[in-house]
Amino acid sequence: MNQVLQELATILEQRKEESADKSYVASLYAKGLDSILKKIGEEATETVMAAKDGNKEKIVYETADLWFHSMVMLAHQGLGPDDVLRELQRRFGLSGLEEKASRGK
């Protein structure tokens, strides 16, 4: 599974060098962070709606869109899936309540 994320991350990096009129991802990068974040918000809403409807196929489809656009945002910020995976790994062995408390929120 991590291989898929790594392959996608590599492609997203390559798209930074492409023309915005030839690549959807390049066009998102060209529009800037606000456009990328707007897209994540749209995809998050669609994911929530799919989950509410209970259609498993649509849930998977919309979650894939949400993950994809989140990875575009990570790449735009100079981050990648390994950064997120390291954070998830760090949380193993912590209770969710402990982790939340450590953030002071």
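Heads up: the structure comes first, above all this text.
Residues numbered from 1 in each chain as written. Predicted model: local features only at pLDDT ≥ 70, side-chain atom pairs only at ≥ 80, totals over all residues. Heavy atoms only, no water.

(A) Representation of the layout of surface pockets in the model. Roughly 330 Å³ of volume is contained in the largest pocket. Breaking the lining of the largest pocket down by element, the ones donating at least two residues are helix H1 (2–15), helix H4 (56–76) and helix H5 (81–91). By residue number, the principal contributor to the lining of the largest pocket is H4, which donates 5 residues. Each residue belonging to the lining of the largest pocket can be placed in one class, and the counts come to 10 nonpolar, 2 polar and no charged. (1 Å grid on protein atoms, 1.4 Å probe; cavity = no way out; pocket = protein on both sides within 12 Å on 5 of 7 lines; lining within 4 Å. Points joined across faces, edges and corners; volume = space filled by probe spheres on them. Helix = DSSP H or I, 4+ residues; strand = E, 2+ residues; numbered from the N terminus. Nonpolar A, V, L, I, M, F, W, Y, C, P; charged D, E, K, R; others polar.)

(B) Region of interest: the packing of helix H2 (residues 24–31) against H4. Contact pair H2 / H4: the axes reach a minimum separation of 11 Å and the direction vectors enclose 50°. When the axis of H2 is compared with that of H4, the two are oblique. In the packing of H2 onto H4, the handedness of the crossing is right-handed. In this structure, H2 contributes Tyr24, Val25, Leu28 and Tyr29 to the contact, and H4 contributes Phe68, His69, Val72, Ala75 and His76. Of the residues belonging to the contact of H2 with H4, the class tally is 7 nonpolar, 2 polar and no charged. (Axes fitted to C-alpha atoms, helices over the stretch in contact; angles between N-to-C directions. Parallel < 35°, antiparallel > 145°, perpendicular 65-115°, else oblique. Left-handed = near helix turned anticlockwise from the far one by under 90°. Contact = heavy atoms within 4.5 Å.)

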